[in-house]
Amino acid sequence: MVTQGRSYKRQAQQRADRIAAFWEEMQCLEQEQALTLPEDERRVLRRHHDQILEELSRQFEVDTTKVQKQLSLGMRIASLLGALSFSAAVLLFAYHFWDRFSTAARVLILLTAPVAGLVAVARVTMRERTLYCAPMLGMLAFTAFGLNLALFRELFNLTPSATGLLALCIFAFIVAYTYNLRFVLIAGIISFLCYLSATFGAARGVYWLSLGQRPEDFILAGPVIVALSLAPHRQYPGFPRVYRVSGLIAVFLAMLFLASYGDLSYLSYLSWSTKPVEYFYQAASFVVSGATICLGVRWRLQDVVVTGNVFFILFLYTRFFAWWWPWMPAYLFFFIVGVITVGLLFYLKWLRRFTLEQPT
């Protein structure tokens, strides 16, 4: 029900955008004297569109002006910041006052906090059409559940394991897919990445809590996240993009780190010294990001192209700094970087023209 409502809202916003684009193009055509509608037909069409926009705004609160779109973007950013702030507040509050509660009170708090968060999300999604508060409450429920797992383990002296990360991931996915909340989906993906990394590390004899000490685990986990975007998401059209970008970021950040700190690689156990490992990942970073750009262009996935471009440029400039800055004069360094930047602009211009020439 909630997902269907969000889908209808997206379709309503697309209709409103098409109407706005139509009248902008009509104004240009009239100025160019290419097409001019008779005044009576123009008035009838304008009245019809105004009625549609009024109805869409009443039912779905769509953005009908550029100012409204900017305000909506600001509200989404504020919602994200609010979610992070409230989640941090809950964690800090719990750890600050936790020792003051009795065991019975602790158990009661741990049992009721996630349930209260879910009830709040359900109530808000039923009443709020724009769903700016629901992501905040969803993140609070996610935080409360994670706190629940951590403090229950501490309270009853349970052995920590990676299963808690999997439980946290499942909880986030259930909330995200029930209420179509991308913020919570991202939190679930991060939990799943950590779980996969811990599992891969444990299979190699590494303690699961040392999951961040071997970045290659994330290189293995990232493609699994990307593969989840291939699952059918007809009612969740924004979710595949989140899976793709999250998985690619996990892979690229791990490669970026290993390109400078080769001693953290599993390859160091195969008689590879630090420098060859770093050279390997420096070369692999350019190959993988370049291949990502090509695949994104081929499959017409703008998010994949943008992610590949961002990290290709990031890899390039970090290598420039590592190779040249220590010995090259500063003025020459920035001049060369500027020349290469101009070359990148021409490359991106060619890439844009190439995508336009490809058949749809």
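Everything that follows concerns the structure shown earlier in this document.
Report on the accompanying structure. (Residues numbered from 1 in each chain as written. Predicted model: local features only at pLDDT ≥ 70, side-chain atom pairs only at ≥ 80, totals over all residues. Heavy atoms only, no water.)

**Remarks on the overall build of the protein chain**
- Across its full length, the protein chain carries twelve helices and zero strands.
- Traced from its N-terminal end to its C-terminal end, the protein chain shows the element sequence α-α-α-α-α-α-α-α-α-α-α-α.
- Counting only C-alpha atoms, the protein chain reaches 80 × 65 × 40 Å along its principal axes.
- Relative to its full complement of 360 residues, the protein chain shows a buried share of 39%.
- Of the contacts formed within the protein chain by residues at least 6 apart in sequence, a portion of 65% connects residues at least 24 apart.
- Accessible surface, the protein chain as shown: approximately 21400 Å² in total, 66% of it carbon and sulfur.
- Positive and negative side-chain charges in the protein chain, numbering 32 and 22 respectively, have mean positions lying 5 Å apart. (Helix = DSSP H or I, 4+ residues; strand = E, 2+ residues; numbered from the N terminus. Buried < 20%, exposed > 50% of the residue type's maximum accessible area, 1.4 Å probe, protein only. Contact = heavy atoms within 4.5 Å. Areas by Shrake-Rupley, 256 points an atom, 1.4 Å probe, with all protein chains shown as cover. Lys, Arg positive; Asp, Glu negative; His and termini not counted. Charge placed at Lys NZ, Arg CZ, Asp CG, Glu CD.)

**A closer look at empty space enclosed by the protein**
- Summed over all chains, the structure comprises one cavity of 30 Å³ or more.
- For the largest cavity, the full set of lining residues is Leu256, Ala259, Gln282, Ser285, Phe286, Phe315, Thr318 and Arg319.
- Contributing elements (two or more residues each) for the lining of the largest cavity: α10 (274-299) and α11 (302-324).
- Its residues placed into classes, the lining of the largest cavity shows four nonpolar, three polar and one charged. (1 Å grid on protein atoms, 1.4 Å probe; cavity = no way out; pocket = protein on both sides within 12 Å on 5 of 7 lines; lining within 4 Å. Points joined across faces, edges and corners; volume = space filled by probe spheres on them. Nonpolar A, V, L, I, M, F, W, Y, C, P; charged D, E, K, R; others polar.)

**Here's the deal with the packing of aromatic side chains**
- Within this structure, the stated rule accounts for 23 aromatic pairs.
- Geometrically, the ring pair formed by Phe93 and Phe97 is tilted, given 4.8 Å between the ring centres and 45 degrees between the ring planes. Taken together, the positions of Phe93 and Phe97, both in helix α3 (residues 66-97) and four residues apart, correspond to about one turn of that helix.
- For the ring pair Phe280 and Tyr281, a centre distance of 5.1 Å and an interplane angle of 80 degrees mean the geometry is edge-to-face. (Phe/Tyr/Trp six-rings, centres within 6.5 Å; stacked < 30°, edge-to-face > 60°.)

**A word on the pattern of salt bridges**
- Scanning the entire structure with this criterion turns up six salt bridges.
- Among the salt bridges present, the one from Glu278 reaches Lys275, with a minimum N-O distance of 3.5 Å. Of the two residues, Glu278 and Lys275 both sit in helix α10, three residues apart, roughly one turn of that helix.
- Residue classification places Glu278 among the buried positions, given a relative accessible area of 7%. (Salt bridge = Lys/Arg side-chain N within 4 Å of Asp/Glu carboxyl O.)

**Quick word on helix α2 (residues 39-60)**
- Compared with an ideal rise of 1.5 Å per residue, which puts 22 residues at 32 Å, α2 spans 31 Å between its outermost C-alpha atoms and is within 8% of the ideal.
- Listed in full, the buried residues belonging to α2 are His49, Ile52, Leu53, Leu56 and Phe60. Down the axis of α2, the smallest arc covering the buried residues is 100 degrees, so these residues share one side. In α2, those exposed residues whose orientation departs by more than 90 degrees from the buried face are Glu39, Glu54 and Arg58.
- Remark: Glu61 follows α2 within two positions and exhibits a positive phi of approximately 55 degrees. (Expected span 1.5 Å × (residues − 1). Arc of directions from axis to C-beta.)

**Thoughts on the packing of helix α7 (residues 182-203) against helix α9 (residues 239-258)**
- Close contact between α7 and α9 brings their axes to 10 Å; oriented N to C, the two are set at 35 degrees. Between α7 and α9 the crossing geometry is right-handed. Contact residues: α7 offers Arg182, Leu185, Ile186, Ile189 and Leu193, while α9 offers Phe239, Arg241, Val242, Tyr243, Ser246 and Ala250. (Axes fitted to C-alpha atoms, helices over the stretch in contact; angles between N-to-C directions. Left-handed = near helix turned anticlockwise from the far one by under 90°.)

**Concerning the layout of surface pockets**
- Each pocket or cavity is described by its volume, and for the second largest pocket that value is around 330 Å³.
- In terms of lining, the second largest pocket is formed by 17 residues, of which the most central are Val226, Leu248, Leu295, Trp299 and Val304.
- Mapped by element, the contributors of at least two residues to the lining of the second largest pocket are α8 (216-228), α9 and α10.
- The leading source of residues in the lining of the second largest pocket is α10, at five residues.
- Within the lining of the second largest pocket, the residues separate by chemical class into twelve nonpolar, four polar and one charged.

**Description of the environment of Asn309**
- Checked against the element boundaries, Asn309 lands in helix α11.
- Judged by its relative accessible area of 13%, Asn309 falls in the buried class.
- As a C-alpha pair, Asn309 and Ile293 span 16 residues in sequence and 6.5 Å in three-dimensional space.
- With residues up to four places along the chain from it excluded, the contact list for Asn309 reads Ile293, Tyr347, Leu348 and Leu351.

**What to know about the nonpolar core**
- The biggest cluster of nonpolar side chains holds 49 residues, and the ones touching the most others in it are Leu185, Ile189 and Tyr281.
- Secondary structure elements with two or more residues in this core: α5 (133-155), α6 (163-179), α7, α8, α9 and α10.
- It is α7 that provides the largest number of residues to this core, a total of ten residues.
- Every residue in contact with Ile189, bar those within four places of it in the chain, is listed here: Phe173, Ile225, Val242, Tyr243 and Ser246.
- In this structure, Ala16, Trp23, Ile52 and Val62 belong to the second largest nonpolar core, which totals ten residues. (Core = buried A, V, L, I, M, F, W, Y, C linked by side-chain atoms within 4.5 Å.)

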